[in-house]
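Residues per chain, in single letters:
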Amino acid sequence: MNRLTVPEAIGDDGSVALFIGRDNEIEVLRDLLAEVADAKPAAVMLDGDAGVGKTRLVNEFAATARAAGAVVLAGGCLQLAGGAIPYGPLIEALRMLVRQVGEPEARRLAGPAWTELADLIADFTVGGEPTAPALGAQTRVFGAVSRLLDHIGDQQPLVLVFEDVHWADTATLDLIAYLALTSSDQRMMLLCSYRSGLRLGHPLRTRLAEPEFTRRVHRISLLPFTSLQLRVFVAALTDSDVSPERADRYFELSEGNPYFTEQLVAADADAGPEPRVPESLGDLMHARLGRLGEDATKVVRVAAVAGRRVSDTLLARVVGLDEAALDASLTECLAHRVLVEDRVDDSYSFQHALLRETAYDTLRSRERKRLHAELAEALAEESGWNQHVLPELAYHWSVADRVPEALRAAIGAGDLAVRVRAFQEAETQYQRALELWSRLPDAEPVAGVSRVRVLKAAADAARWAGHLRQAVAWAAEAVQCAAPDADPALLGELHERLGSYWWEAGFDDEAVEAYRVARRLLSAAPPSAAGSRACAALATVEAKKGGYTEALAMARLAQEEARAAGAAAAVGRAKNSSGLALTLLGRHSEGIAELREALRIAGEADHLEDMLRACGNLGVCLERAGQVAEAAEVFQQGLDKSRELGLLGSRQAGLLANNACATLFLLGRWAEAGVLIKEVLRYYPLRETIFQRLTKAEMDLATGRVDEAERLLESVRNQPNSQPRFLSPLYRCLAELAALRGNPETALDTAWRGIEAIRDAEDHMLVLQLCASGLRIAADKSEKDSDSPRDRARDMASRARAAAERTDDVESAALARLCDAEDRRRHGADTASAWDAVAEAWRVLQRPYPMAYALTRLASAAAKVGDKATASVAATEAAAIAERLGAEPLHDLVSSVVRAYRLTRRAEPAGKLAFDLTARELEVLRHADEGLTNQQVGTRLSIAKVTVGTHLSNVYRKLGVDNKVAALAKARAAGLLGDR
């Protein structure tokens, strides 16, 4: 139970600040601070209803932290209709540091990162202009902030407080997540307060629901007072005894809310037999404000229009009172605790947000406009050297209905938000600018820029904010606005951007048409980055369609144009396309090298779009090369980068999440994959998630959630998409669904239609995947029905052999072995050795699910010829994998084999080899130690040369070396090889 003692503290204004009933919360925060001092960082999210005492608790803890020797930086979020100040609370916290200790000491505490943050803090530091390169990317802001906090923490423990983050801009929310998720040994506590009861879909509520964020933060919910705590609180407020009946009446009316109780006590100053109960909380607020004199009321109204906080200078300029009258009015506001003074920042804020809202609501429309305009005029002078007031300026001019000024400020605020990668705020500001534009007959001279320029910027901001339909709409409007007399180079660039947005929105045909128009317009112009990008985009389109040779030629052409134009970033974009084409042609090492170079160029150019595309394509190519674990890591790195930059809502982040999910599925990390794919499907529309839905359907079929898989497949099967990478898994899943529903003829026919649909594609692995699926269905049917249709299965086997001859990658080799084994099973001639080779191929590729299936078939084939020992070992391993994955249909199949042949489950091997090597990897390494080539090792072990290479690559990775000589030396030193 909370103690009922009445701690007191003297506030800055000399008033007694009550602190009651929050001992438990303070104790938690103090314990966390003690851990922070030992280099164990903490992030705390403090929530509570309006008036419950969040700010009071934060202030009390801040005083405790300072007394313990910690540095406390505090800032709050500003409520602005239709926009927010990027990094508002961070800027305020740094400004407070300068005010508290002076700029020289602030620079000493912060270290070199102070200069890196010049763009954010130039308005309150010496020398107005940044001394470092523009921040450009949000990741740089985050990195600089992290280094600043590290530097302070190295000297003293640090508490960073962000208040009212329910009003935070997206950039600030991303910073909070970054600090919470990346801190490892900083001596830093992040404490954020927010109002309870966030609406569904609120950005903060979405963030709080993220599993990793939830795991890394401490949550404290501040509850209302109990009846006993409230009695102590009221006694302290009135400095007199209060009857239990009156205290209980206050409790009944306020429901334990401290601020509401304080208002009831204030309204009941002339203590009668019963509290004078206003009809509503609004009446309480009006009664509080009604006690102020005329001049004090003027001050309050100006402060209410200004927002959460108003500086003394700004207030004096707008309120229209002489110095003596203003001093008297402020004294009155402070005495009645309507306003609270911040002596460090020389500013004033409302004692509670509800008071500010009530004061603002009392203003007539005409008076509001006048005060907003006067505040804007004062802020406009400051905007020349402090661009961070632009969002406030745009807001005030807009509400004042001063359209020309609001237009200029909104464009400036949008540009500012883009520079620090606060894209949702940028989109809001540009939208405001475009709405204002239509209200001016000749807006361009007023704005100082063209409408096309604003539309281009707005479209890109919307794209990165995750609003692709809006991006397409604004890009299309830019095209219309520029035509018909525009420079072809500009028009071509606009069409290239439109194509990119159409593509990301899932409208492939519209995207291709826009790209072709761009290419046509730019072909007659001198070489340019836009022309190269359009050509590279068309190369990617061709690759997605399966025309890899043509795609490679186009990508090479795009590289030539980019080099001729001197556009390094465009060279990287073209390499992105050529790397993908090379890999899909089977030239894996060349393709991967090209994509790594593309990623390096994109990083150096700080080009977000190309960076995320390169991550996605590199992961795909690594997967195709059999390096699935590394592919998953690359996808996750791209996803982390998206999260770091606040771009989780973008289509590219969605594709990265899907690819990460697919590789996790292949690796047998199904639980992680499930969490990730559900998050993607929750936030993206159908047209943008067809691949993600296919991945989820495949997972559902493997785990036996047939109804859910069918629902997902129905949602995507009629989508206009002719990409072989879409058609192959679609037909495979539809065939599997029909088989699980007990319709093998339909299943077989579906698989064949899929093979026919992609017959012209150069990606032979996709054909092999469909053939393997179809032959499995045919073999299952032949085991139950001797009259099973043979022609179709024979054709599938023939297609599989032809496809296998045209590709030599490791996964295709595994699929070819699988197709051959299934065809043999269809004829009743499969062998344990054939299935063992299939299982081994999947083991090398680290694919537990298909490996477990092959082991199940191995068990059946071995048991048929009486080798129950081999069968039992294989069935045991297969069952363990199926159980771990939750693959119910596969587990049922294993169980049926065990029952049919009366097999016994064998105990799992107890020991593991050093470095977690598999028995086969060690066997390959020992043969390599004999001096055999990969081809000779493969011949001796009856496995393919590429399989030997993959085994050795896994060995190098596990041993932490990069060549055979080093691997043999390390293995010998560990006693894995004989002495030589």
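Keep in mind that this is a model prediction, so the values were computed, not measured. (Residues numbered from 1 in each chain as written. Predicted model: local features only at pLDDT ≥ 70, side-chain atom pairs only at ≥ 80, totals over all residues. Heavy atoms only, no water.)

**So, the overall build of the protein chain**
Line of reasoning, step 1. The secondary structure content of the protein chain amounts to 50 helices and 10 strands.
Line of reasoning, step 2. Going through the 980 residues of the protein chain one by one, you find that 56% of them count as buried.
Line of reasoning, step 3. At a minimum sequence separation of 6, the contacts of the protein chain that also span at least 24 residues come to 67%.
Line of reasoning, step 4. Here the protein chain displays about 40,200 Å² of accessible surface, and carbon together with sulfur accounts for 50% of that area. (Helix = DSSP H or I, 4+ residues; strand = E, 2+ residues; numbered from the N terminus. Buried < 20%, exposed > 50% of the residue type's maximum accessible area, 1.4 Å probe, protein only. Contact = heavy atoms within 4.5 Å. Areas by Shrake-Rupley, 256 points an atom, 1.4 Å probe, with all protein chains shown as cover.)

**Points about the packing of helix α44 (residues 848–864) against helix α45 (residues 868–885)**
Line of reasoning, step 1. Where α44 contacts α45, the axes come no closer than 8 Å and their chain directions differ by 150 degrees. Taken together, the axis directions place α44 and α45 in an arrangement best described as roughly antiparallel. In the packing of α44 onto α45, the handedness of the crossing is left-handed. On α45, the residues touching Pro848, Tyr849, Met851, Ala852, Leu855, Thr856, Leu858, Ala859, Ala862 and Ala863 of α44 are Thr870, Ala871, Ala874, Ala875, Glu877, Ala878, Ile881, Arg884 and Leu885.
Line of reasoning, step 2. In terms of residue class, the contact of α44 with α45 is made up of 15 nonpolar, two polar and two charged. (Axes fitted to C-alpha atoms, helices over the stretch in contact; angles between N-to-C directions. Parallel < 35°, antiparallel > 145°, perpendicular 65-115°, else oblique. Left-handed = near helix turned anticlockwise from the far one by under 90°. Nonpolar A, V, L, I, M, F, W, Y, C, P; charged D, E, K, R; others polar.)

**Remarks on the packing of aromatic side chains**
Line of reasoning, step 1. The full count for this structure, using the stated rule, is nine aromatic pairs.
Line of reasoning, step 2. Their ring planes at 35 degrees and their centres at 6.3 Å tell us that Phe423 and Trp464 sit as a pair that is tilted. With Phe423 in helix α22 (residues 423–437) and Trp464 in helix α24 (residues 451–464), the pair connects residues that are 41 residues apart, well separated along the chain. Of the two residues, Phe423 and Trp464, neither departs from the other in class, the shared state being buried.
Line of reasoning, step 3. An aromatic cluster of three or more residues is present, and its members are Phe665, Trp670 and Tyr849.
Line of reasoning, step 4. For the cation-ring pair, Arg463 lies above Trp464, with the distance from its terminal atom to the ring centre recorded as 4.2 Å.
Line of reasoning, step 5. When the ring centre of Phe691 is taken as origin, the NZ or CZ atom of Arg725, which lies over that ring, is 5.3 Å away. (Phe/Tyr/Trp six-rings, centres within 6.5 Å; stacked < 30°, edge-to-face > 60°. Lys NZ or Arg CZ within 6 Å of the ring centre and 35° of its normal.)

**Examining the sheet that holds strand β8 (residues 309–311)**
Line of reasoning, step 1. In space, the three strands of this open sheet follow the order β8-β10-β9, with antiparallel pairing throughout. The outermost strands of the open sheet, each flanked by one partner alone, are β8 and β9 (339–342). Between one strand and the next, the sheet's axes are offset by a mean angle of 30 degrees, whatever the strand orientation.
Line of reasoning, step 2. The pairing of β9 with strand β10 (residues 347–350) spans four bridges and is antiparallel. Residue pairing for β10: Val340 is matched across the bridge by Ser349.
Line of reasoning, step 3. Here helix α16 (residues 312–319) sits on the sheet in contact with β8 and β10, set at roughly 80 degrees to β8. (Pairing = 2+ DSSP bridges.)

**Details of helix α2 (residues 54–67)**
Line of reasoning, step 1. Over its 14 residues, α2 extends 20 Å from the first C-alpha to the last, a length consistent with the 20 Å expected when each residue adds 1.5 Å.
Line of reasoning, step 2. Those residues of α2 that sit buried are Lys54, Leu57, Val58, Glu60, Phe61, Ala62 and Ala65.
Line of reasoning, step 3. A positive backbone phi angle near 100 degrees is found at Gly69, which sits one or two residues after α2. (Expected span 1.5 Å × (residues − 1).)

**Let's talk about unusual backbone geometry**
Line of reasoning, step 1. Backbone geometry at Asp401 places phi at a positive 65 degrees, although glycine is not the residue there.
Line of reasoning, step 2. Taking relative accessible area as the criterion, Asp401 reaches 35% and is therefore assigned partly exposed.
Line of reasoning, step 3. Of note, Gln846 is a non-glycine position whose phi angle comes to about 60 degrees, a positive value.

**Things to note about the pattern of salt bridges**
Line of reasoning, step 1. Counted by the stated rule, this structure contains 60 salt bridges.
Line of reasoning, step 2. Here Glu496 ties to Arg497 by a salt bridge, and the two come within 2.9 Å at their closest N and O atoms. Per residue, the accessibility class of Glu496 equals that of Arg497, and both read buried.
Line of reasoning, step 3. Within the structure, one salt-bridge network assembled from shared partners comprises Asp460, Arg463, Glu496, Arg497, Glu504, Arg533, Arg573, Glu609, Asp610 and Arg613. (Salt bridge = Lys/Arg side-chain N within 4 Å of Asp/Glu carboxyl O.)

**Some thoughts on the pairing of strand β3 (residues 42–48)**
Line of reasoning, step 1. Of all seven residues that make up β3, seven are buried, and the element is covered over most of its length.
Line of reasoning, step 2. Looking at chain direction, β3 and strand β6 (residues 188–195) are connected through seven bridges and run parallel. Paired with Ala42 across the bridge in β6 is Met189.

**Focus on the sheet that holds β3**
Line of reasoning, step 1. The strand order β4-β5-β6-β3-β7 describes an open sheet built from five strands, whose pairing is parallel. Because the sheet does not close on itself, it has two edges, and the strands there are β4 (71–76) and β7 (218–222). For this sheet the average axis-to-axis angle between neighbouring strands, irrespective of direction, equals 15 degrees.
Line of reasoning, step 2. As paired strands, β4 and strand β5 (residues 158–163) are joined by six bridges and run parallel to one another. Each bridged residue has a counterpart across the sheet, and for Ala74 the counterpart in β5 is Val161.
Line of reasoning, step 3. Sitting on the sheet, α2 is in contact with β3, β4, β5, β6 and β7, with an inclination near 165 degrees to β6.

**Focus: the pairing of β6**
Line of reasoning, step 1. Counted residue by residue, β6 has seven buried out of eight residues, so it is predominantly covered.
Line of reasoning, step 2. Pairing of β5 with β6, which is carried by five bridges, proceeds in the parallel orientation. Following the sheet pairing, Val159 is matched in β6 by Met189.

**A look at a negative patch on the surface**
Line of reasoning, step 1. On the surface, Glu27, Asp31, Glu35 and Asp38 cluster together to form a negatively charged patch.
Line of reasoning, step 2. Tracing the backbone shows Glu35 in helix α1 (residues 23–37).
Line of reasoning, step 3. Since its relative accessible area comes to 39%, Glu35 is described here as partly exposed. (Patch = residues over 30% accessible without salt bridge, like charges linked within 9 Å, V, L, I, M, F, W, Y side chains within 5 Å. Lys, Arg positive; Asp, Glu negative; His and termini not counted. Charge placed at Lys NZ, Arg CZ, Asp CG, Glu CD.)

**Quick notes on the side chain of Thr663**
Line of reasoning, step 1. Considering the arrangement of structural elements, one finds Thr663 in helix α34 (residues 651–666).
Line of reasoning, step 2. For Thr663, a relative accessible area of 0% translates into the label buried.

**A look at the packing of α22 against α24**
Line of reasoning, step 1. Two numbers describe how α22 lies on α24: the axes approach to 8 Å, and their chain directions differ by 145 degrees. Relative to α24, α22 is oriented so that their crossing is left-handed. Packed against α22, whose contacting residues are Phe423, Ala426, Glu427, Tyr430, Leu434 and Trp437, the element α24 presents Arg451, Arg453, Val454, Leu455, Ala457, Ala458, Ala461, Ala462 and Trp464 at the interface.
Line of reasoning, step 2. Of the residues contributing to the contact of α22 with α24, the split by class is 12 nonpolar, no polar and three charged.

**Notes on helix α50 (residues 964–973)**
Line of reasoning, step 1. Those residues of α50 lying buried are Ala967, Leu968 and Ala971. Axial view of α50: buried residues confined to an arc of 95 degrees, hence all on one face. Across from the buried face of α50, at angles greater than 90 degrees, the exposed residues are Val965 and Ala973.
Line of reasoning, step 2. Of the residues flanking the end of α50, it is Gly975, one or two places downstream, whose phi is positive at about 80 degrees. (Arc of directions from axis to C-beta.)

**Re the environment of Gly21**
Line of reasoning, step 1. Along the chain, Gly21 falls in the loop between β2 (16–18) and α1.
Line of reasoning, step 2. On the basis of relative accessibility, which here comes to 3%, the residue Gly21 falls in the buried class.
Line of reasoning, step 3. Separated by 207 residues in the primary sequence, Gly21 and Leu228 place their C-alpha atoms 9.4 Å from one another.

**Section: the environment of Asn658**
Line of reasoning, step 1. Considering the arrangement of structural elements, one finds Asn658 in helix α34.
Line of reasoning, step 2. For Asn658, a relative accessible area of 5% corresponds to the buried category.
Line of reasoning, step 3. Spatially, the C-alpha atom of Asn658 lies 8.9 Å from that of Arg693, the residues being 35 residues apart in sequence.
Line of reasoning, step 4. Those residues in contact with Asn658 that sit more than four places away from it in its chain are Ile677, Phe691, Gln692 and Thr695.
Line of reasoning, step 5. Of note is the side chain of Asn658, whose polar atom sits 3.4 Å from the backbone nitrogen of Gln692.
Line of reasoning, step 6. A distance of 2.9 Å separates the side chain of Asn658 from the side chain of Thr695, its partner in a polar contact. (Polar contact = N/O pair within 3.5 Å; in protein donor to acceptor, adjacent residues only side chain to side chain.)

**Things to note about the environment of Cys192**
Line of reasoning, step 1. The topology assignment puts Cys192 in strand β6.
Line of reasoning, step 2. Measuring from C-alpha to C-alpha, the distance between Cys192 and Arg219 comes to 9.9 Å, with 27 residues separating the pair along the chain.
Line of reasoning, step 3. In this structure, Cys192 is in contact with Val44, Met45, Leu46, Phe162, Val165 and Ile176, ignoring residues within four places of it in sequence.

**Overview of the confidence of the model for the protein chain**
Line of reasoning, step 1. Per-residue confidence for the protein chain averages 83 on the pLDDT scale, and 89% of its residues sit at or above 70.
Line of reasoning, step 2. Within the protein chain, the lowest mean pLDDT, 34, falls on strand β1 (residues 8–10), and the highest, 95, falls on α44.
Line of reasoning, step 3. Taken together, the stretch residues 1–17 has pLDDT below 50 and engages in 29 contacts with residues farther than four places along the chain or on a different chain.
Line of reasoning, step 4. For residues 124–137, every residue scores under 50 in pLDDT, and the model assigns this stretch 31 contacts once sequence neighbours within four places are set aside. (pLDDT = per-residue confidence, 0-100.)

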